Amino acid sequence: MLSKLALILGLVAAAGGVAALKRYHDGSRAGHEKLLAFSLGGAAIGFHFSLLPVLLQVGQINDSGLMGMFDLELLWLLRGTPAWDAAAFRGTGFFLSILLILTLLRVLRQQKTVPPSAYYQIAWIGQLLALGLVAYGFTLVGHVSVLAWLPRLALLVHVTAIALWFGMLVPLRWCCADPSLPRLQRQMQSFSRLGIGLVLVLVLTGATLLLSLIPLADLFATSYGRVLCLKLLLVAAVLVIASFNKWRHVPRLELEGGRCALRSSIDREIALGVALVLVSAAVSTLLGPAEHMPMSY
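A brief look at the structure comes next. (Residues numbered from 1 in each chain as written. Predicted model: local features only at pLDDT ≥ 70, side-chain atom pairs only at ≥ 80, totals over all residues. Heavy atoms only, no water.)

**Details of the side chain of R90**
Then step 1. For R90, the location among the structural elements is in helix 4 (residues 82-110).
Then step 2. Here R90 is in contact with L7, S50, L133, V134, G137, F138 and V141, once residues within four sequence places are set aside. (Helix = DSSP H or I, 4+ residues; strand = E, 2+ residues; numbered from the N terminus. Contact = heavy atoms within 4.5 Å.)

Below you can see the structure in the form of structure tokens.
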């Protein structure tokens, strides 16, 4: 479960820093480098923890202590299993993301002015393709892997939207320290428009996954359903805070204490996001619909 948690948080950071690269900073080279360092750290964490589940599986089969995780012969025999395939896609995606970010940093340090538009287009497209491999890895294991193509596609899109939304919260918090109030207002208004689209995607894909995994009648009758209800409550709380940011805190940025109020609200949204990721890691690792839906397999 901790491996899954670190994997998701790595994906969130890797996506958020690059997504915020063009608009959500102070425009300086240091601002660019800070975002790229944030993404690079996330990609490095994600790369290591994408490989760990396979090693854990080897260790569990070997049953010979910590070093049993590194039995290369047994590791090779696991080729073609869902855990191996998922690790291959995730590891490859994060590795490509690391290479992309290092290249972007190198090009950035050669620039004397703000990078051209092509710089950001390469960053976004390259990161989307790289992290798309990571998101696809989530569809190969777990409860959704045994379902039809539609819920698996919904999970891929769902994971991507979550990574973009939560990943950009930390850069948005950094923006609150920007001394330029007009720029901060434009940044927050821009993210509000982006957030509306992400929320719609999350609601549609989340509803598809929910209906595919569990009958609505079982939401309160099983452990899996009750944990899903907790997840839905956390999602609702995040949406409420996001609405407060859009309709209350952003319009009051010009008032005394407006920045502090917005920053505190973003902190609460980040905390709820971490709690949501933790619950997601738990529900996809420790519980499952197979407990009460044996025919789904």
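After that view of the structure, there is still more to cover.
**Some details on the packing of aromatic side chains**
Each aromatic ring pair is summarised here by two numbers: the centre-to-centre distance and the angle between the ring planes.
Then step 1. Under the defined criterion, the tally for this structure stands at 7 aromatic pairs.
Then step 2. A ring pair is formed by F47 and F95, whose centres lie 6.2 Å apart and whose planes are at 45 degrees; its orientation type is tilted. Of this pair, F47 sits in helix 2 (residues 29-62) while F95 sits in helix 4; the two residues are 48 residues apart in sequence, bridging distant segments of the chain.
Then step 3. The interplanar angle of 35 degrees and the centroid separation of 6.3 Å between the aromatic rings of Y120 and W124 together place this pair among those described as tilted. Here Y120 and its partner W124 are both found in helix 5 (residues 117-138), 4 residues apart, which amounts to about one turn of the helix.
Then step 4. W124 gets classed as partly exposed once you look at its relative accessible area, which sits at 34%. (Phe/Tyr/Trp six-rings, centres within 6.5 Å; stacked < 30°, edge-to-face > 60°. Buried < 20%, exposed > 50% of the residue type's maximum accessible area, 1.4 Å probe, protein only.)

**Topic: the packing of helix 4 against helix 5**
Then step 1. Where helix 4 meets helix 5, the axes come as close as 6 Å, and the angle between the chain directions of the two elements is 165 degrees. When the axes of helix 4 and helix 5 are compared, the pair comes out roughly antiparallel. Between helix 4 and helix 5 lies a crossing of left-handed hand.
Then step 2. Classifying every residue of the contact of helix 4 with helix 5 gives 19 nonpolar, 6 polar and 1 charged. (Axes fitted to C-alpha atoms, helices over the stretch in contact; angles between N-to-C directions. Parallel < 35°, antiparallel > 145°, perpendicular 65-115°, else oblique. Left-handed = near helix turned anticlockwise from the far one by under 90°. Nonpolar A, V, L, I, M, F, W, Y, C, P; charged D, E, K, R; others polar.)

**Re the pattern of salt bridges**
Then step 1. Per the stated rule, a full pass over the model turns up 3 salt bridges.
Then step 2. Two residues, D267 and R173, come together in a salt bridge whose shortest N-O distance is 2.4 Å. Taken together, the residues D267 in helix 10 (residues 258-285) and R173 in helix 7 (residues 169-175) connect sequence positions 94 residues apart.
Then step 3. Of the residues examined, R173 reaches a relative accessible area of 31% and is grouped as partly exposed.
Then step 4. Between D178 and R183 there is a salt bridge, with the nearest N and O atoms lying 2.7 Å from each other.
Then step 5. Judged by relative accessible area, which is 5%, D178 ranks as buried. (Salt bridge = Lys/Arg side-chain N within 4 Å of Asp/Glu carboxyl O.)

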